[in-house]
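A look at the structure
Okay, here's what each chain looks like letter by letter:
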Number of protein chains: 2
Amino acid sequence: MFSKACEYGIRAAVYVALQSLEGRRVSVNEIAEEIDSPIAFTAKILQQLTRSKVIHSVKGPTGGFEIERTDMDTVKLSMIVHAIDGDDIYVGCGLGLKECNAKKPCPLHDKFVAIRTDLKKMLESTSLYELATGLEVGLTYLKR
Amino acid sequence: MFSKACEYGIRAAVYVALQSLEGRRVSVNEIAEEIDSPIAFTAKILQQLTRSKVIHSVKGPTGGFEIERTDMDTVKLSMIVHAIDGDDIYVGCGLGLKECNAKKPCPLHDKFVAIRTDLKKMLESTSLYELATGLEVGLTYLKR
DNA sequence: AAAATAAAGGACAATTTTATCCGAATTATA
DNA sequence: TATAATTCGGATAAAATTGTCCTTTATTTT
Ligand code: FES
Ligand code: FES
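The structure reproduced in this document is the subject of the present report. (Residues numbered from 1 in each chain as written. Chains lettered and ligands numbered in written order. Predicted model: local features only at pLDDT ≥ 70, side-chain atom pairs only at ≥ 80, totals over all residues. Heavy atoms only, no water.)

1. Let's talk about the overall build of chain A
What counts is decided by this rule: The helix and strand labels rest on DSSP assignments: H or I over at least four residues marks a helix, E over at least two residues marks a strand, and numbering proceeds from the N terminus. In what follows, residue pairs with any heavy atoms lying within 4.5 Å of each other are defined as contacts.
Looking only at helices and strands, chain A has eight helices and two strands in total. Secondary structure elements of chain A occur, N-terminal to C-terminal, as α-α-α-β-β-α-α-α-α-α. Here the C-alpha coordinates of chain A stretch approximately 55 × 30 × 30 Å along the principal axes. Sequence separation of 24 or more characterises 64% of the internal contacts of chain A that already satisfy a separation of 6 or more.

2. Some points on the relation of the copies chain A and chain B
Each of the two chain copies can be generated from the other by rotation about an axis followed by a shift along it. In plain terms, the rule: Least squares is the method for superposing the copies, and the C-alpha atoms it fits come from residues with pLDDT of at least 70 in both.
If you rotate chain A by 180° and push it 0.0 Å along the axis, it lands on chain B with an RMSD of 0.0 Å. Put plainly, the chains are arranged around a two-fold axis. In terms of proximity to the rotation axis, the leading residue of chain A is Met1(A), whose C-alpha is 2.4 Å off the axis. A shared interface surface links the copies, since 100% of the contact residues of chain A are contact residues in chain B too.

3. Section: helix α2 (residues 28-35) of chain B
Residue and element names in this part refer to chain B. Keep this limit in mind: Accessible area is worked out with a 1.4 Å probe on protein chains only. A residue is then buried under 20% of its type maximum, exposed over 50%, and partly exposed in between. By definition, the arc is the one covered by directions from the helix axis to the C-beta atoms.
Among all positions of α2, only Val28, Ile31, Ala32 and Ile35 are buried. Relative to the axis of α2, the buried residues are bounded by an arc of 95° and lie together on one face. Structurally, α2 contributes buried residues whose contacts are with α1 (4-21), α3 (39-51) and β2 (64-66). Phi turns positive one or two residues past the end of α2, at Asp36, with a value near 55°.

4. A word on the side chain of Ser127(B)
For Ser127(B), the position within the fold is in the loop between α7 (109-125) and α8 (128-136). Residue class for Ser127(B) comes out buried when judged on its relative accessible area of 7%.

5. Details of the protein's contact with DNA strand C
Rules: We call a residue near a molecule or strand as soon as one heavy atom of that residue lies within 4 Å of the molecule or strand. In protein, a polar contact means a hydrogen-donor-capable atom and an acceptor-capable atom, both N or O and within 3.5 Å, with residues adjacent in sequence counting only if both atoms are side-chain atoms; elsewhere, any N or O pair within 3.5 Å suffices. Put simply, Ala, Val, Leu, Ile, Met, Phe, Trp, Tyr, Cys and Pro go in the nonpolar bin, Asp, Glu, Lys and Arg in the charged bin, and everything else, Gly too, in the polar bin.
Contacts to DNA strand C come from 25 residues, most closely from Pro38(A), Pro61(A), Lys44(B), Arg51(B) and Ser57(B). Within 4 Å of the protein, the atoms of DNA strand C are drawn from sugar and phosphate moieties in a proportion of 65%. A distance of 3.1 Å separates a phosphate oxygen of DNA strand C from a polar side-chain atom of Tyr8(A). Between DNA strand C and Gly60(B), the relevant distance is 3.2 Å, taken from a sugar or linking oxygen to a main-chain nitrogen or oxygen of the residue. For the surface near DNA strand C, the secondary structure elements donating two or more residues are α1 (4-21) and α3 (39-51) of chain A together with α3, β1 (56-58) and β2 of chain B. Across the surface near DNA strand C, the residue classes break down as 10 nonpolar, nine polar and six charged.

6. Focus on the pattern of salt bridges
The following threshold applies: One speaks of a salt bridge when a side-chain nitrogen belonging to Lys or Arg is within 4 Å of a carboxyl oxygen belonging to Asp or Glu.
Evaluated as defined, the whole model comprises 12 salt bridges over all chains. Taking the shortest distance from any N to any O, the salt bridge between Lys111(A) and Glu130(B) comes out at 2.7 Å. In this pair, Lys111(A) sits in helix α7 (residues 109-125) while Glu130(B) sits in helix α8, so the two residues belong to two different chains. A relative accessible area of 33% means that Glu130(B) is categorised as partly exposed. Salt-bridge contacts for Arg24(B) lead to Glu30(B); the nearest nitrogen and oxygen are separated by 3.0 Å.

7. Let's talk about the protein's contact with DNA strand D
As a matter of local geometry, DNA strand D sits amid 26 residues, with Lys44(A), Ser57(A), Tyr8(B), Pro38(B) and Pro61(B) nearest to it. Near the protein, within 4 Å, the atoms of DNA strand D are sugar or phosphate in 62% of cases. Within the side chain of Arg51(A), one N or O atom sits 3.0 Å away from a phosphate oxygen of DNA strand D. Contacts to DNA strand D include Gly60(A), whose backbone N or O atom sits 3.4 Å from a sugar or linking oxygen. Sorting the residues of the surface near DNA strand D by element identifies α3, β1 (56-58) and β2 (64-66) of chain A together with α1 and α3 of chain B as the ones contributing at least two each. Looking at the surface near DNA strand D residue by residue, the class counts come to 11 nonpolar, nine polar and six charged.

8. Some words on the interface of chain A and chain B
You'll often see interface size given as the accessible area lost when the parts meet. How we decide: Buried area: the sum, over both parts, of the accessible surface (1.4 Å probe) that disappears when the two are put together.
Taken together, the contacts link 39 residues of chain A with 39 residues of chain B. Each partner contributes to the roughly 3600 Å² buried at the junction of chain A and chain B, and carbon and sulfur atoms together form 67% of this total. At the boundary of chain A and chain B, one finds 12 residue pairs in polar contact (both at pLDDT 80 or more). It is α7(A) that provides the largest number of residues to the side of chain A that touches chain B, a total of six residues. For the side of chain A that touches chain B, the class distribution of residues is 22 nonpolar, five polar and 12 charged.

9. Regarding the nonpolar core
Our working definition: Only buried Ala, Val, Leu, Ile, Met, Phe, Trp, Tyr and Cys residues count toward a nonpolar core, and they belong to the same one when joined by side-chain atoms within 4.5 Å.
Judged by nonpolar contacts, the single largest core of 92 residues is most densely connected at Ile80(A) and Ile80(B). The residues contacting Ile80(B), other than those within four sequence positions of it, are Gly9(B), Ile10(B), Ala13(B), Leu49(B), Val54(B), Val75(B) and Leu128(B).

10. Some thoughts on α8(B)
Residues and elements named next belong to chain B. Within α8 the residues assigned to the buried category are Leu128, Leu131, Ala132, Gly134 and Leu135. Each buried residue of α8 lies within a common arc of 155° when the element is viewed along its axis, so the set occupies one face. In the core, the buried residues of α8 are packed alongside α1, α4 (69-74) and α5 (77-85).

Written out as structure tokens, the structure reads:
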């Protein structure tokens, strides 16, 4: 469904949000440790998320990654997925035709679009805050 | 969503079904031409589909690939996806945890499972015959 | 029986994705 | 001002996926 990079990106963003709720700024090393992901690769992904304004970074000692409380509400999963995986998931054809096109649809078009629309709605309506709060109360996990 | 191999596999299977409805057995070359896919790679995928009994192959002159009319009803998309991409799409966690597990769910679990369940139902209820008939009447396309 | 046709299968090549490493830039603190 | 901590960015490496080529096997036709 999502690329590895995107999976790490979402987990990382949720962890940053969780820690920001506690007023803590976190380093790449801590993030990678807590979400169980490869450090250097995670660093690359955090750079992407920073460039696309999903999270905020601060260099130097005491630096790290953080996200404003208000941004946790406006940042939706769709922004993270778009920043990392692009819009393939939105415009691509399920059977791999050049593009999804209702005028000349592939045999799976209608059924595929129905599911993709649900996925899109879900991604566009789910905020980072929502995901972080589940973690906060111990209902959900970022690693096992 | 699906791998390239799986996309080619589904398109190929639908084309074989369409031609079998007309009583024609088709070669790898014709299939690759008609679904606009790389020939040798498509041949590999057709081997997988043959081994997993999705389609039937005949060697030698006048040989090629075909599928029985009755099998077009029993063969569902889920079988093709499973034969080529395995069961990742069914058991995998949306955020990349080792496995999807409701006892220790990732933050996206509930929302992800809802969509995955719909996808699963769709794949399990869509037959090759159903996809081939749309093509037959010129409503859908396998290439553009 | 020989020749021709088509799938099967193995080895290899190219591309993309995932992952690592290391030096440069930035900034707080001693 | 020097040092250390931290992100940034480029180069490179490893692994997985996608794609090609060529030989073998089965089968039909001559
Ligand atoms: S054309 Fe294939 S999904 Fe729309
Ligand atoms: S645990 Fe992540 S989707 Fe179920």
